[in-house]
Amino acid sequence: MADWGNFYTLVGTVAGTLIGLIFVVITFSSDRKIEGDEHRTRYFVTPLLVYFTTLLLLSLALAAPIENQVRAILLGVLGCAGFAYVTNLAMTSRRRNDIEEYEVLWDILLPIAAYILIAVAATAWALSASFADEVAAIAAAALLIAAIRKSWIITLTIAGRRKRR
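Conventions and cut-offs
- Residues numbered from 1 in each chain as written.
- Predicted model: local features only at pLDDT ≥ 70, side-chain atom pairs only at ≥ 80, totals over all residues.
- Heavy atoms only, no water.
- pLDDT = per-residue confidence, 0-100.
- Helix = DSSP H or I, 4+ residues; strand = E, 2+ residues; numbered from the N terminus.
- Phe/Tyr/Trp six-rings, centres within 6.5 Å; stacked < 30°, edge-to-face > 60°.
- Buried < 20%, exposed > 50% of the residue type's maximum accessible area, 1.4 Å probe, protein only.
- Lys NZ or Arg CZ within 6 Å of the ring centre and 35° of its normal.

## Focus on the confidence of the model for the protein
Item 1. Mean pLDDT for the protein: 84, with 81% of residues reaching 70 or above.
Item 2. Confidence, read as mean pLDDT per element, is least for helix α1 (residues 5–28) in the protein (81) and greatest for helix α4 (residues 104–126) (94).

Spelled out as structure tokens, the structure:
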């Protein structure tokens, strides 16, 4: 775990910072709202908060000086809850035909894979497997990539809107 402490500290710091920036962007973009933004917030901005919060909690669980079994339980809960959230999000967004901006690979498959990897890392920690840190790091990187890409798309979308007068 000592070799990975800086990695998880960095991931947690990035996640915490980007959570704050999401609130700043939403606040500054309030004068650029258009019809349907309530649905877009649910399907695009809320998942960002969930992903970055997951990364923050993942980093805390992996950097904390706790027993491997406790770490495994925390990661298991985090992985299963995230998997359930993204699966529910995918099913509800599929029922909504007006959400054209949704991209299956980036918005569903990559986050689901990351949450599955978090659950696999939980199992690896429970079994004291030597690769537990690597699996958790791959999960963190995958979720971070998905979240940063989604953040960038949302930022470009908001920036491209005209200000209401």
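## Topic: the packing of aromatic side chains
Item 1. Counting across every chain of the model gives two aromatic pairs.
Item 2. Relative to Tyr 8, the ring of Phe 7 has its centre 5.1 Å away and its plane inclined at 80 degrees; by these criteria the two rings are edge-to-face.
Item 3. Taking relative accessible area as the criterion, Phe 7 reaches 27% and is therefore assigned partly exposed.
Item 4. Under the relative-accessibility criterion, Tyr 8 is labelled buried at 1%.
Item 5. With 6.4 Å between their ring centres and 55 degrees between their planes, Tyr 51 and Tyr 115 make a pair best called tilted. With Tyr 51 in helix α2 (residues 37–63) and Tyr 115 in helix α4, this pair connects stretches of sequence that are 64 residues apart.
Item 6. By relative accessible area, Tyr 51 is classed as buried at 0%.
Item 7. For Tyr 115, a relative accessible area of 0% gives the class buried.
Item 8. When the ring centre of Trp 125 is taken as origin, the NZ or CZ atom of Arg 71, which lies over that ring, is 4.8 Å away.

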